Amino acid sequence: MSDPRTTPSIFTRGAVDLSALRPSTSARPAAPSRPAAAPASPADGIPGAVPGSASGGVPGNVPGVTPDVIIDVTEADFQSVLEQSLTTPILLDFWADWCEPCKKLSPVLEKLAVEYGGSWILGKVNVDLNPRLAQVFRVQGIPQVTALIGGQPVEGFSGVLSEAQVRQYVDAVLKAAGVSVAAPEDPRLDAADDALMGGDLDAAEAAYRKILAESPADAAAESGLAQVELYRRIAGVDPSTALAKADADPEDFEAQRLAADIEVLSGQAAEAYARLIALVKKTVGDDRDAVRKHLLSLFAVAGPDDPAVAGARRALASALF
């Protein structure tokens, strides 16, 4: 990984010239024209965003937040902010009181700053009060977010993004900075898992699908959705009877698939995988493809990091080819 202190950008825009912010006896540059408010994106319904709430960046406006997590950034103290970014990544949120899209994005940034527990700092920059900062960072429209890593700016974004997209950006910044942090708890997953454990499969499915719509690669949501499908398949089934039926007739296509489901829920995933791989070898055409997809759904229940899944995938590949 390249050193973020010598890499100007992890995205597309080059580094900006920060020399304009060095102490100087020269006249203060004229303030830029008032930046236009970036149009709200289709992600207006951001979880945690409070329409009409003040996003003014005053730490005291965010319950339970210390100044170490969310800070106001001004032209006068910007040098100290740069120095702080040498050890901790800082995300600058350029906003203004009159900016309605800012009132959608800023609460999301504030929420994530708290969730990540100080692994990065949110710096709030009021463009009306700090026009030189807006000028140096080439702010054309707000909200705009730009990160500082090792005293250097890296590419950010303008406009309103969904919470999932902002998380992806934050994670990219932390990775570029070489910061390793535990993934914060996701309240969306907590709610979906609660519905699953409570037996409300419809609510659980809707919640997992919503997460996947926002974060298509979310392995936990994929696993949760696969569990919903698994519970539906075994609803009303007597495990002992189903296993006995499968053992009595190894050629019974549906009985073998149901037995595999029961084995997974009984903690015998390796046996379930072996059962279906053996069935793959015996079937052809549409039946074989159905067994393969069934097995993949059971892999999803376990998740990609399960060592038993890795071995079973190799066995499946051998059986198919």
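Residue positions are given per chain, counted from 1 along the sequence in the order it is written. Totals for whole chains, interfaces and linings use every residue, but because this is a predicted model, local features are given only for residues with pLDDT of at least 70 and side-chain atom pairs only at 80 or more, for both listing and counting. The side-chain figures draw on all heavy atoms in the structure; neither hydrogens nor water molecules are used.

It is worth spelling out the environment of alanine 302 at this point. Under the DSSP-based scheme used, a helix requires at least four consecutive residues in state H or I and a strand at least two consecutive residues in state E, with every element numbered from the N terminus. Following the sequence through the fold, alanine 302 ends up in helix 11 (residues 285-302). Judged by relative accessible area, which is 34%, alanine 302 ranks as partly exposed. Linking alanine 302 and valine 264, residues 38 residues apart in sequence, is a C-alpha distance of 8.9 Å. Here the term buried applies to any residue with accessible area under 20% of the maximum for its type, exposed to any over 50%, and partly exposed to those in between, with areas from a 1.4 Å probe on protein chains only.

What follows deals with the nonpolar core. Working definition of a nonpolar core: buried Ala, Val, Leu, Ile, Met, Phe, Trp, Tyr and Cys residues. They are joined through side-chain atoms within 4.5 Å. By size, the foremost hydrophobic cluster in this structure holds 23 residues, and its most contacted members are Tyr273, Leu276, Leu295, Leu298 and Phe299. For this core, the secondary structure elements donating two or more residues are helix 7 (219-233), helix 9 (253-265), helix 10 (269-282), helix 11 and helix 12 (307-320). Of the residues forming this core, the biggest block, six residues, is contributed by helix 10. Every residue pair with non-hydrogen atoms within 4.5 Å of one another is taken to be in contact. When near neighbours in sequence (up to four residues on either side) are disregarded, leucine 298 contacts Leu230, Arg233, Ala260, Asp261, Val264, Tyr273 and Leu276.

Another point: the packing of helix 9 against helix 11. Relative placement of two packed helices is described by the angle separating their axes and the distance separating the axes. Only C-alpha atoms enter the line fits that serve as axes; for helices the fit covers just the stretch in contact. Angles between N-to-C directions range over 0 to 180 degrees. Two elements in contact, helix 9 and helix 11, have axes whose closest approach is 11 Å; the angle formed by their N-to-C orientations is 5°. As far as their axial angle goes, helix 11 and helix 9 are roughly parallel. Residues Phe253, Arg257, Ala260, Asp261 and Val264 of helix 9 touch helix 11, and the partners they reach there are Asp287, Ala290, Val291, His294, Leu298 and Val301. When describing relative orientation, an angle under 35 degrees is termed roughly parallel and one over 145 degrees roughly antiparallel, while 65 to 115 degrees is termed roughly perpendicular and anything else oblique.

Stacked, edge-to-face and tilted labels apply to pairs of Phe, Tyr and Trp rings (six-membered ring for Trp) whose centres lie within 6.5 Å, assigned for plane angles under 30 degrees, over 60, and everything in between, in that order. Inspection of every chain in the model, using the stated rule, returns five aromatic pairs. Each ring, one from phenylalanine 94 and one from phenylalanine 137, has its centre 5.5 Å from the other, and the planes form 45°; the classification is tilted. Here the residue phenylalanine 94 occupies a position in strand 3 (residues 90-95), and phenylalanine 137 occupies one in the loop between helix 3 (131-136) and strand 5 (141-142), the gap between them amounting to 43 residues. Overall, phenylalanine 94 belongs to the buried group, its relative accessible area being 0%. Seen in terms of ring centroids, tyrosine 116 and tryptophan 120 are 6.3 Å apart; in terms of plane orientation they differ by 65°. Their pairing is edge-to-face. The exposure class assigned to tyrosine 116 is buried, which follows from its relative accessible area of 8%. We classify tryptophan 120 as buried; its relative accessible area is 0%. Ring pairs connect the aromatic residues Phe78, Phe94 and Phe137, which therefore count as one cluster.

Patch rule: a residue counts if its relative accessible area is over 30% and it has no salt bridge; like charges are joined within 9 Å, and nonpolar side chains (Val, Leu, Ile, Met, Phe, Trp, Tyr) within 5 Å. Note that accessible areas follow from Shrake-Rupley with a 1.4 Å probe, and for residues the cover is restricted to the protein chains shown. Counted as salt bridges are all cases of a side-chain nitrogen of Lys or Arg within 4 Å of a carboxyl oxygen of Asp or Glu. Counted as positive: Lys and Arg. Counted as negative: Asp and Glu. His and the chain ends are not counted at all. Every charge is mapped to an atom, namely NZ of Lys, CZ of Arg, CG of Asp or CD of Glu. Residues Glu185, Asp190, Asp193 and Asp194 make up a contiguous surface patch of negative charge. Mapped onto the elements, aspartate 193 comes out in helix 5 (residues 187-197).

Take serine 223: it is sitting in helix 7. Not counting residues up to four positions away in its chain, the partners in contact with serine 223 are Ala300 and Val301.

The pairing criterion is simple: DSSP has to find at least two bridges between the two strands. One open sheet holds the five strands; their spatial order is 2-4-3-6-7, and the pairing between them is mixed. For this open sheet the edge positions go to strand 2 (70-72) and strand 7 (152-158), each flanked by a neighbour on one side alone. Taken over all neighbouring pairs, the strand axes of this sheet differ in orientation by 25° on average, direction set aside. Alignment of strand 6 (residues 144-149) against strand 7, held across five bridges, turns out to be antiparallel. Its bridge partner lying in strand 7, isoleucine 149 is registered against glutamine 152.

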